[in-house]
Each structure stands twice: as C-alpha cells, then as structure tokens.
Amino acid sequence: MEQKLIIYNTLSRKKELFEPLNPGYVGMYVCGPTVYGNAHLGHARPAITFDLLFRYLVHLGFKVRYVRNITDVGHLVADADEGEDKIAKKAELEKLEPMEVVQKYTNNYQWNMQMLNILPPSIEPRASGHIIEQIETVKKILNSGYAYESKGSVYFDVEKFARENEYGALSGRKVDDLLSNTRELEGQEEKRSPLDFAIWKKAQPGHIMRWPSPWSDGFPGWHLECTAMSTKYLGETFDIHGGGIDLIFPHHEAEIAQSKAANGKPSVRYWMHNNMITLNGQKMGKSLGNAISLNEFFTGSHPLLEKAYSPMTIRFFMLQAHYRSTLDFTNEALQAAEKGLARLMKAVGTLETLKISEKSTVDIAGLKEKCYAAMNDDLNSPIAIAHLFDGVRIINSINDGAEKINEAGCQELKSFFKSFIFDILGFKQEERKDEGGQEILSNIVDLLLNLRIEAKANKDWGTADKIRDELTKLGFEVKDTKDGFEWKLKK
RNA sequence: GGUCUCUUGGCCGAGUGGCUAGGCAACGGUCUGCAAAACCGUGUACGGCGGUUCGAAUCCGCCAGAGACCUCCA
C-alpha cells in the first residue's frame, strides 16, 4: 500500500489524501438506482466511476466493503402531496405487483452492470428489505428532537436542525436562501416549514406499498433508506459516500442531517460525486425524456444511435473522461472510443508475442509510475489511459524491431499493463457475436462455389478441383447439379 | 430570480503560471502486384476584451455563450 491516493472531497471542495478510518479497511456506500425503469447511460456513470474506485482500492490492498443500494420504495412522484410512489405508479400502469416491477428492473440493472464488467458490490441492500431499520432511524431522530409527527407522517425539522447544527455545507446552501426560493406547493400544511422533508409518510388509502409503523400505515421517506442502510452495514461513521452530482441536494444533504440527528455525529468522511452525461449538451435524464437505455446501446435500437455499441466501448468511453467532468455523448465520440479500445486490446495480444532481447531500450518502470500517479490523483483514468497508449506505442515498436526489451522488462510490462487494463480499469476481451455468422458462412461457400463454376467454364480443372477438395477437407459435402451446385456442412 | 460550474485544435477529451496529454479523424511514410488492413510519424489549440506577471490557455475583472442545482433524477 505504498501508493498515496488523493481524492476530491465534495464536502471540503478540495483534493485530500485518502486515509481510511481503520487502517487497511475501507467502507464505501454508493447510491444505486431507483428500479422503476430500464437502466440508461446515465446509470452507467456512477456504476463505472465507483467500480473503478472499488477496483483500485482493492488493487492497493485495502479490504473494502462496498455497499450499493437498490431503491425500491419511497421515492415520490413529482407532486409530494399525492403520496404515490414511483414504483406503485408504474405497477398500476403495467398491472404488475410492485415487487414484480422492482424485480424486473433490478434484474435488468444487474444484468447491464455485469455486461459492463462492473463488479457486484459486497452488499446490495434493498430499501424494502430494511423497513424496520428505517423505522428505528425515524425513532432515533424523533428522540433527538429534530423531527415531529404530523397527521401520521413524520417530518425532519430542517430549520431547527440548522439552528443547532451545520446544514447545507455539502451543497453550499443557506437556509435563508432556500426559504426565499421556496415555491408554495399545495398540500404542505402538514409541514412546519417548506424545507422539511418526510422521513415517514402516511399512505393514502389506495396506496399499495405500505408497512405498519407507530405513526401510521405508510412508507419511509425518500432519503432515509441510505442513512439506515449505510449505518447498518458500515457503521455510524464510514469512509466514502458516492453518487451522482445531482444527488448532492437535497438527497445527500438530507442524509447528512438525518445521520447527525440520529447518531449524533457526522457520518461520512469523504463525499465523492460523478458528473452527468449530456446528450447534445443537455443532461441525459429519465425525467427529461432523452435517456437512452443501456439495452438500446448494446443493440443499437434507438433512433439516435448509428449502430450498436458494446459494453466495453461504453466503459472505455466513460473512463476516457474524468469522472468529475460532464461527458457529452455523440456517435462520433463513441465510435472513436471503439477504435481506440480495439487498438489497446490488440496491443495486449501483441504483448504475448514480443521478442526478448539482451538489452532493453524502453523505460517500463517510468511508464508504470506515471499510470499510478494518474490514478492516485483523484482517479484520473483519462491520463492513465493516455499513458497506456504510450505503452501501446512501445509494444508495437518492439514488435517492429524499432525498440528492444529484455526478459525482466517484458515481465514487468506484461504484469503491469494487464493489471491496469483488466483489474483496475476493468476492461475485458469481448468475443464477437456470432449472430449472422451462419449467413456469412453460407455466403462465403456460395462465393467459392461460384468461383468454381467460373473455373469449370474456363476448363481450369485444377482450380475447380482444388476448391471442391479443400471444402471437402473442411467438412463440406459438395455436389454438382445440372444448373449449379448444392452443398451442406456435414456433422 | 438565487447558488455554482463550464467554454481547449475537425470531433471527443486531459492539463492548469514557463517543460505545450491521449484517442478518433486528417495528412505523410513503411509494407503490399494493386487495394484494404496493420504499423510508424506529423498537429502549438485553449470563447472575446482588458489587467497582474519576466512569462497566462492556466491568476483577476468585465462581456458573450452554454450547462447544473434550487423538484424526482445517476
């Protein structure tokens, strides 16, 4: 663990040396998806960002517990007063059990993540499986005096909390500013202040997702699950909390307040946030209606896509940008990424066949150092990848005889190059899909046999026989017919 | 309206006071009967106008444009 990892902490707005609470161990929590639709390109960004962090921490020798939740309850649809949550609404539309909807999209998400070669987290807890913990958290917050019950719902008292604690540090917001900006929404008379948010919500009569609690039959508030589950699995204070930059306010700010109110101390030491994917300069988001699902990327079935893009192309595309920058999606950029990745992977193959020389003319140790330096500087994967392409040039130059490498250098190059590409950046060799392979094969055999007909017409019996004999050797049965040929593949 | 961020060569994207990533495309070369592929090589760009400085894409100010958050959102 001689590498010094620096990460950007959203809370301090500075790059800080990462030092875990318990030496050698890291606890990290990342906000996962709300499973009410297929995962889109935007979901891939935090998943890949924090997969990179997870992989790198493990590579450095840390023992990491990585928790990424599945939100399957509690998020309210646009109007807070309706009390109808996203999952239930979708269930109504699709005439499915809420848990059926949740399962379907959870499966889809996990499958997409697997395609992207994202390692499964250590624990993937579901909000619906932690209702008891969330009720306990509500009780703790009530006991600390920072929440109040109102008509069966329980609200977090933001103004009281802010008077006695720091509130808004993560997002840089002040309570006064927030108050002056608040829109008046209907049906908020249960709350003392518009800034207050529900930590327990009484279910309306028609609401299907509901659980008993001391206050009402209802469901937990939409920020509470992360507090309850991170505390349960990582402790009251833990190292890293990640998520999309759009979650900073109000979600993460609410989490900070809830944890402090419930446990009396700050919960998270390093806050990390990935930036957004844009499409034609606009944020890609489900609610904006411009989200392209990962399934659509993998199959090319979206009007905006010129072709299908493989999971590894998408992974490479994202890692070629820093996680804290916005990344603009275009077909051109994705196709550039596809070609670049192919060149990188090809060099990995070439690496296996390099000729060893007595002396070495290349500096492998320096290259390796630069790659680590890039990763240590707030996971600068684009720089690391740039250096790996220097490695590609070195490998190709050795292969061409322009440079030389000795046995030790070659071993070092192989081990570090592969560990960066496969273990840390998480790329994998993709097999070409064999879809249409049969059709292509068939076309090729037809092509050969048509050539044979030409040869026969020219009385070039040598060529004609050669084609038939070679095909036979390969396992084909070729028969001449009156007006052409027939063939089939034996076995 | 409030808060914040961004503007880099044909495209995507790093960097951030002097050493001027990388990928794709383009161009040149090697190879090849020709072509393709592959490989090697080549690119002084940082929105505009001022200022600070020996020196600025990098710091400061103004202007223009774009975006994010303020509401569910990755």
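Our subject is the structure listed above.
A. View of the sheet that holds strand β7 (residues 197–202). Strand order in the open sheet formed by four strands is β5-β6-β7-β8, and the pairing between neighbours is antiparallel. Two strands bound the open sheet, and with one partner strand each, they are β5 (147–150) and β8 (218–220). Each strand of the sheet is rotated relative to its neighbour by a mean of 20°, with strand direction disregarded.

B. Highlighting the pairing of strand β6 (residues 153–156). Where burial is concerned, the two faces of β6 agree: the one with S153 and Y155 and the one with V154 and F156 are both buried. Looking at chain direction, β5 and β6 are connected through four bridges and run antiparallel. Residue pairing across strands places A147 opposite F156, the latter belonging to β6. Note that β6 and β7 share three bridges and pair antiparallel. Each bridged residue has a counterpart across the sheet, and for F156 the counterpart in β7 is F197.

C. Spotlight on empty space enclosed by the protein. Applying the stated criterion across every chain, the model contains two cavities of 30 Å³ or more. The calculated volume of the largest cavity comes to roughly 70 Å³. Of all the secondary-structure elements, those providing two or more residues to the lining of the largest cavity are α1 (41–59) and α10 (311–319). Considering each element in turn, the lining of the largest cavity owes the most residues, four residues, to α1. Split by domain, the residues of the lining of the largest cavity number at least three in each of domain 1 (16–274) and domain 2 (278–424). Its volume calculated, the second largest cavity comes out at about 40 Å³.

Procedures and definitions
Think of each chain on its own: its residues are numbered from 1, step by step along the sequence as written. Each chain gets a letter, beginning with A, and each ligand a number, beginning with 1, in the order they are written. Since the coordinates come from a predicted model, pLDDT governs what is reported: local features require at least 70, and pairs of side-chain atoms require 80 or more to be given and counted, while whole-chain, interface and lining totals use all residues. For the side-chain quantities, the full set of heavy atoms in the structure was used; hydrogens and water were omitted. Paired strands, in this sense, are two strands between which DSSP finds at least two bridges. The secondary structure listing takes helices from DSSP runs of H or I that are at least 4 residues long and strands from runs of E that are at least 2 residues long, numbered from the N terminus. The convention used is that axes are lines fitted to C-alpha atoms, helices contributing only their stretch in contact, and that angles between N-to-C directions extend from 0 to 180 degrees. The cut-offs for exposure are 20% and 50% of the maximum accessible area for each residue type, with area from a 1.4 Å probe on protein chains only; residues under the lower value are buried, those over the upper are exposed, and the others partly exposed. In this analysis, the protein atoms alone were mapped onto a 1 Å grid. Cavities are point sets where a 1.4 Å probe fits without being able to get out; pockets are open sets with protein on both sides within 12 Å along at least five of seven lines; lining residues have an atom within 4 Å of a point. Grid points are joined across faces, edges and corners, and a volume is the space filled by probe spheres set on the points. By convention here, the domain bounds are inherited from an automatic or database domain assignment.

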